[in-house]
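Architecture at a glance
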Amino acid sequence: MVKVAPSILSADFANLERDIKLVEKHGADYIHVDVMDGQFVPNVTFGPSMVAAIRPVTDLTLDVHLMMIDPERFIGDFADAGSDIITVHAESTPHIHRAMQMIKQAGVKAGIVINPGTPVSAIESVLELADLVLIMTVNPGFGGQKFITSCLDKVEQLVELRNKNDYAFEIEIDGGVDDQTAKLCVAAGADVLVAGSYVYNSDNVAERIAKVKAAAIND
Ligand SMILES: O=C(CO)[C@@H](O)[C@H](O)COP(=O)(O)O
Ligand SMILES: [Co+2]
C-alpha cells in the first residue's frame, strides 16, 4: 500500500501537536516538514528548532524537505534535531553530491528532490546515494496548488532506473495530491505521497488519508 506523508504546512500552527497526533492516529506514515528560506522559494516556514520541537510528539518518520539555498549549512542542525529523512533540492546547491554525503554521514536517510522544470538526468549521478527521490508536482513554495500531471513521466523514468541499477530508493511525490491525482501517482510507480491541503483542509482527516491510501487498491 502507498505511504501517506501529511505536510504540516497545512496544519494549524497554533495546534501542531494536536494536528500531528491526529494524522498519526489515522494512518499517516511520515510527517512531511516543509522548510522554506524565503530565497530558494518565495515563502518562509520552519527551522531546525521546529523539528526538535515536534520530534517528541510523534514516533512517525520525520520527512524533512529543505527548500533552501546551500542546504549544507544546516544539514547538521536538522540531523541533530531528529530528522529521519533530509531531502535536498538538486537546484539549491552546486555541491549536491557533497550535500547527500553529509546527510548520510550524519546518520540520516538522504533524499534528493527536483522541481517540475528539472529533468531526471540532472540527478542520475547521485541516485546511488539516495534513500528517497522526491518529484515535485507543483513549483515549490506553497500548499494548495494544482497538480502538474506531466511530472509523472519522471516517476516512470525513476522506476526504470531503479530496476536497471538495483537501487533501493523510495519514490515520493509532493504537490497537489488528492484522491484523484493519487491514483495517477500510484499508477506511475510512486511509493510515498505527500498531501498537505487535501488532508488538513477537511473536517474528516481520517477519511482523506484513507482515500489517498485507497488509490493503491483501486488501481
Ligand atoms: O513542498 C511543498 C510545497 O512547496 C509541499 O509539501 C506542500 O506542502 C504540499 O501541499 P499540497 O499541494 O498537498 O497542498
Ligand atoms: Co514538501
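Predicted model only: the values in this text are computed from it and were never measured.

**Quick notes on the pairing of strand S5 (residues 109-114)**
Counting buried positions over the six residues of S5 gives five, a clear majority of the element. Pairing of strand S4 (residues 85-89) with S5, which is carried by five bridges, proceeds in the parallel orientation. What sits directly across from valine 88, in S5, is isoleucine 112. You can see the chain leave S4, run along helix H4 (residues 96-105) and come back into S5, and the turn it takes is right-handed. Sheet topology places S5 next to strand S6 (residues 132-136); four bridges connect them, and they run parallel. Note that in S6 the partner of valine 113 across the bridge is leucine 134.

**Brief notes about the sheet that holds strand S8 (residues 192-195)**
Taking strand neighbours across the sheet as the criterion, the eight strands line up as S1-S8-S7-S6-S5-S4-S3-S2 in an open arrangement whose pairing is parallel. Looking at strand neighbours, the two that pair on one side only are strand S1 (3-6) and strand S2 (30-36), the edges of this open sheet. Adjacent strand axes in the sheet meet at a mean angle of 25° when their direction is disregarded. The pairing of strand S3 (residues 61-67) with S4 spans four bridges and is classified as parallel. Looking at the pairing, aspartate 63 lines up with isoleucine 85 of S4. Running at roughly 170° to strand S7 (residues 170-174), helix H5 (residues 152-165) makes contact with S6 and S7 of the sheet.

**A few points about the UniProt feature "binding site: a divalent metal cation" (unreviewed entry) in the protein**
Residues annotated in UniProt with the feature "binding site: a divalent metal cation" (unreviewed entry) correspond here to His32, Asp34, His65 and Asp174. Sequence-wise these annotated residues cover 143 residues; spatially they are packed, their C-alpha atoms never more than 10.5 Å apart. Topologically, histidine 32 is positioned in strand S2. Overall, the presence of 28 C-beta atoms within 10 Å leaves histidine 32 in the buried class. Leave out the neighbours within four places in its chain, and histidine 32 touches Ala5, Pro6, Ser7, Ile8, Asp63, His65 and Val194. By secondary structure assignment, the location of aspartate 34 is in strand S2. A count of 24 C-beta atoms within 10 Å places aspartate 34 in the buried class.

**Re the site of ligand 1**
Around ligand 1 lies a shell of 22 residues, among which Ser7, Pro140, Gly143, Gly196 and Ser197 are the nearest. Here the shell around ligand 1 is built from residues that sort into eight nonpolar, 12 polar and two charged.

**Description of the environment of glycine 143**
The residue glycine 143 is located in the loop between S6 and H5 in this model. Judged by the 21 C-beta atoms lying within 10 Å of it, glycine 143 is buried. Through-space distance from the C-alpha of glycine 143 to that of serine 83 is 21 Å; in sequence the pair is 60 residues apart.

What counts, and at which threshold
Residues numbered from 1 in each chain as written. Chains lettered and ligands numbered in written order. Predicted model: local features only at pLDDT ≥ 70, side-chain atom pairs only at ≥ 80, totals over all residues. Buried ≥ 20, exposed ≤ 12 C-beta atoms within 10 Å, placed from the backbone. Helix = DSSP H or I, 4+ residues; strand = E, 2+ residues; numbered from the N terminus. Pairing = 2+ DSSP bridges. Right-handed = clockwise from strand over helix to strand, strands pointing away. Axes fitted to C-alpha atoms, helices over the stretch in contact; angles between N-to-C directions. Contact = placed C-beta atoms within 7 Å. UniProt positions renumbered as here; feature names shortened; annotations may be inferred. Near = placed C-beta within 6 Å. Nonpolar A, V, L, I, M, F, W, Y, C, P; charged D, E, K, R; others polar.

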